[in-house]
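# Summary of the model geometry
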Amino acid sequence: MSDETFDLVVVGGGPGGYTAAIRAAQLGMKTACVEKRGSLGGVCLNVGCIPSKALLQSSELYEEAQHSFEDRGISVGSLKLDLKKMMGQKDATVQGLTQGIEFLFKKNKVTYVKGAATLQGGGRIEVTGDDAKTLKAKNILIATGSEVTPLPNVEIDEKQIVSSTGALELAKVPKKLIVIGAGVIGLELGTVWRRLGAEVTVVEFLDRILPGTDNEVAKNTQRILKKQGINFMLGKKVTGAKKTKTAVTLTMEPAKGGDEETLKADVVLVAIGRRPYTEGLGLDDLGVETDKAGRIVVDSSFKSSVDGIYAIGDVIDGPMLAHKAEDEGVVCVEKLAGQKPHIDYNTIPGVIYTWPEVATVGKTEEQLKEDKVEYNVGKVPFMANSRARANGFTEGFVKILADKKTDKVLGVHIIGPDAGTVIHECVLAMEFGASAEDIARTCHAHPTLNEAVKEAALAVAGRTINS
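Scope of this entry: the structure provided in the associated data block. Since we're looking at a predicted model, the values are computed, not measured. (Residues numbered from 1 in each chain as written. Predicted model: local features only at pLDDT ≥ 70, side-chain atom pairs only at ≥ 80, totals over all residues. Heavy atoms only, no water.)

## Looking at the nonpolar core
One broad trend across soluble globular proteins is that nonpolar side chains are buried collectively. Core analysis: the largest hydrophobic core is formed by 47 residues, its most contacted members being Val9, Phe105, Leu141 and Ile142. Among the elements that take part in this core, helix 1 (residues 15-26) stands out by supplying six residues, more than any other. When neighbours within four sequence positions are excluded, Phe105 is seen to be in contact with Tyr18, Ala21, Ile22, Cys33, Leu40, Val110 and Tyr112. (Core = buried A, V, L, I, M, F, W, Y, C linked by side-chain atoms within 4.5 Å. Buried < 20%, exposed > 50% of the residue type's maximum accessible area, 1.4 Å probe, protein only. Helix = DSSP H or I, 4+ residues; strand = E, 2+ residues; numbered from the N terminus. Contact = heavy atoms within 4.5 Å.)

Right, dumping it as structure tokens:
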């Protein structure tokens, strides 16, 4: 039996992989997508972005019903948490979306192959698993995503010591939860279980939370989350974990050196980051170049060191974001088709779905200072925004950083209600090289949260109206 030949075989069915496969098929390429999970959507859809947002939304509503409804004249009586049903809603959401991608594959004539892929060289891909077969491809695109970064001496069992995957499947609300890592994943999942009744402590090696974000935003986020009930232990190095049937005891020491400490909880969540997942692909045998972090080295067209092999998403350099992978997948296959698309890495937004949300795009103040770029700051609090006041969610602010000479917007940082939605007019403005004045002179509907963006743009020039 001869190998089935394709113009493009995408290895990995996550956001970057399935998006690339669909776009390639639209461009007339005979395309296959190999995914070993047995469910499309990758980590993001199955055990990441989507299920976590379902739980964030449900837990947020639960907390509002507990603490905010009465202030609005809504009496709901006694509340009862049905965690099993909440988890069921999350799972139904995931299932519906994964099935939706399968429908899109059929609609766009993408061949879906279930199994694990190993690259054999010469465009051959050996697939083992449900759809065991050998494929032949003119081009191969690796989009296998990432996996949880392990922590030495803290073994994950997904029951008492869990990764983000296990934290999305807990059968009951822990009385005490320790989160190791004050990044996006740790804060989001810590927020979920804090709202549902857990006592949450976040342990972080650095002396700040949310490394890489604007420092002012990080400090305000920590202040707000602390007020909500999350405890923080910063500058701590976790050195080990001991389990009993009912508890986990962490040992740790100051990151700068000092006496050992212990901390006990029902459940420990390890959320110190993620690393590229390329296991079993056979990259070393083919001579595909990787860097010290295990990421595949690619050029501006996402081509690896080996002809015919490309890579996108979490397996290459850059932020590990689903939307970044999606854009890279589209740009890669469009370039293969002879088009001339582009991607501006400075205008890829990042969002943290705590409440209030945190959203950022472009340069931070710290980066601008390091690059010796002179800039102006326009900042307004949501307390001055009519819609935020009416909604009862006034924590946070919008901060716009603009070039001191040209007024070009260099970065926008928001902490506040629906920041992940509000940020996108700023992303679009930066894509088109807009100035702060361009945003300030754009009419914004009243009353909306986005008026805070306009007001911050006015603040850059020192001419605010409502703050």
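## A few points about the packing of helix 3 (residues 49-67) against helix 4 (residues 83-107)
Packing of helix 3 against helix 4 leaves a shortest axis separation of 9 Å and a crossing angle of 145°. Like other packed secondary-structure pairs, helix 3 and helix 4 cross with a definite hand, here right-handed. Listed contacts from helix 4 to Ile50, Pro51, Ala54, Leu55, Ser58 and Ser59 of helix 3 are Met86, Met87, Gln89, Lys90, Thr93, Val94 and Leu97. In terms of residue class, the contact of helix 3 with helix 4 is made up of eight nonpolar, four polar and one charged. (Axes fitted to C-alpha atoms, helices over the stretch in contact; angles between N-to-C directions. Left-handed = near helix turned anticlockwise from the far one by under 90°. Nonpolar A, V, L, I, M, F, W, Y, C, P; charged D, E, K, R; others polar.)

## Quick notes on the sheet that holds strand 9 (residues 176-180)
By way of backbone hydrogen bonds, the strands of a sheet pair with one another, either parallel or antiparallel. In spatial order, the strands read 8-15-9-10-11; together these five strands make up an open sheet with parallel pairing. Of all strands in the sheet, those bounded by a partner on one side alone are strand 8 (161-162) and strand 11 (231-234). Summarising the sheet, strand 9 and strand 10 (residues 199-204) pair through five bridges and their orientation is parallel. Note that in strand 10 the partner of Lys176 across the bridge is Glu199. Helix 6 (residues 184-195) rests against strand 9, strand 10, strand 11 and strand 15 (267-270) of the sheet, and its axis sits at about 165° to strand 10. (Pairing = 2+ DSSP bridges.)

## Quick notes on the pattern of salt bridges
Applying the stated criterion across every chain yields a total of 22 salt bridges. A salt bridge links Lys90 to Asp91; the shortest N-O distance between them is 3.1 Å. Measuring nitrogen to oxygen at the nearest pair gives 2.9 Å for the salt bridge that ties Glu147 to Arg275. In this pair, Glu147 sits in strand 7 (residues 146-148) while Arg275 sits in strand 16 (residues 274-276), placing the two residues 128 residues apart along the sequence. One connected set of salt bridges, linked through shared partners, spans Asp214, Glu216, Glu365, Lys379 and Lys399. (Salt bridge = Lys/Arg side-chain N within 4 Å of Asp/Glu carboxyl O.)

It is worth stressing that arrangement in space is one thing and function is another; only the former is reported here.
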